[in-house]
Every structure is written in C-alpha cells, then in structure tokens.
Amino acid sequence: MVVCSTTDPLVTVPRAREFAADYSGADADLSTILAVKPDAAQALATRGHVRFMAAKFGAAAADYAKALSLPNAPADLMLWQFIAVRRSGGDPSLAAAAQ
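Residues numbered from 1 in each chain as written. Predicted model: local features only at pLDDT ≥ 70, side-chain atom pairs only at ≥ 80, totals over all residues. Heavy atoms only, no water.

A. Layout of the overall build of the chain. Regarding its fold elements, the chain presents six helices and zero strands. Reading the secondary structure of the chain in the N-to-C direction produces α-α-α-α-α-α. Across the 99 residues that make up the chain, the buried fraction comes to 41%. Look at the contacts in the chain between residues 6 or more apart in sequence, and 45% of them connect residues 24 or more apart. Put simply, the chain shows about 5,200 Å² of open surface, and 60% of that area lies on carbon and sulfur atoms. (Helix = DSSP H or I, 4+ residues; strand = E, 2+ residues; numbered from the N terminus. Buried < 20%, exposed > 50% of the residue type's maximum accessible area, 1.4 Å probe, protein only. Contact = heavy atoms within 4.5 Å. Areas by Shrake-Rupley, 256 points an atom, 1.4 Å probe, with all protein chains shown as cover.)

B. The arrangement of the packing of aromatic side chains in detail. Inspection of the entire model under this criterion finds two aromatic pairs. Plain terms: the ring middles of F52 and F57 are 5.1 Å apart, the flat faces sit at 75 degrees to each other, and that makes the pair edge-to-face. The same class applies to F52 and to F57, which are both buried. When the ring of F52 is compared with that of W80, the centres are 5.2 Å apart and the planes differ by 85 degrees; the resulting orientation is edge-to-face. Linking F52 in helix α3 (residues 41-53) with W80 in helix α5 (residues 77-87), this pair joins segments that are 28 residues apart in sequence. By relative accessible area, which is 6% here, F52 ends up buried. By relative accessible area, which is 12% here, W80 ends up buried. (Phe/Tyr/Trp six-rings, centres within 6.5 Å; stacked < 30°, edge-to-face > 60°.)

This is the structure:
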C-alpha cells in the first residue's frame, strides 16, 4: 500500500525499510530526518504511513495533521488522516474540523 509515490531523496531509504516491513527502522530514519527538517511534508506523510502500517493510528493521525498544515502536503493525506483518527478511536469529524 503506497500513500503517494515520491522521488524525494530524503525518504528513499525509509521507504525501502517500509516496503520491507521494517516499520521501527523506517520510523527512526524519518524521525531523524524530521529533527533536521521539521517541515518536510513528504517525510511527515511517509512517517504517518509507516506508523499507520505499524497500527500506531494516533501517531499516524498526528503526522498526517502536521503534514496537512504545510503548503506542499500530498493531496491524499486528508483521507489517510480520517482513517487513522477513526482507527485510533477518535472522532474523524473533529479532525476534519481542525483543518
């Protein structure tokens, strides 16, 4: 399952880990990237997806929300955020209202 395709060199190695189901490794790589570039929308979106796949739905929803607040956010994140909030037991309408 792919959130969005990218050729962004920042997320190439973490994406490879994601596809190998090394979610903790991918999360760590992406967190390192985000420590240096906290407004990297693609890295946030990818980390959100990694966390979603690892069933960390609340953390995924938070990453999606932050990525959606940035001007260069991938277009499909609103749907992923809705699903992550729903799976974490939250109210998706509140997440949508916050946008």
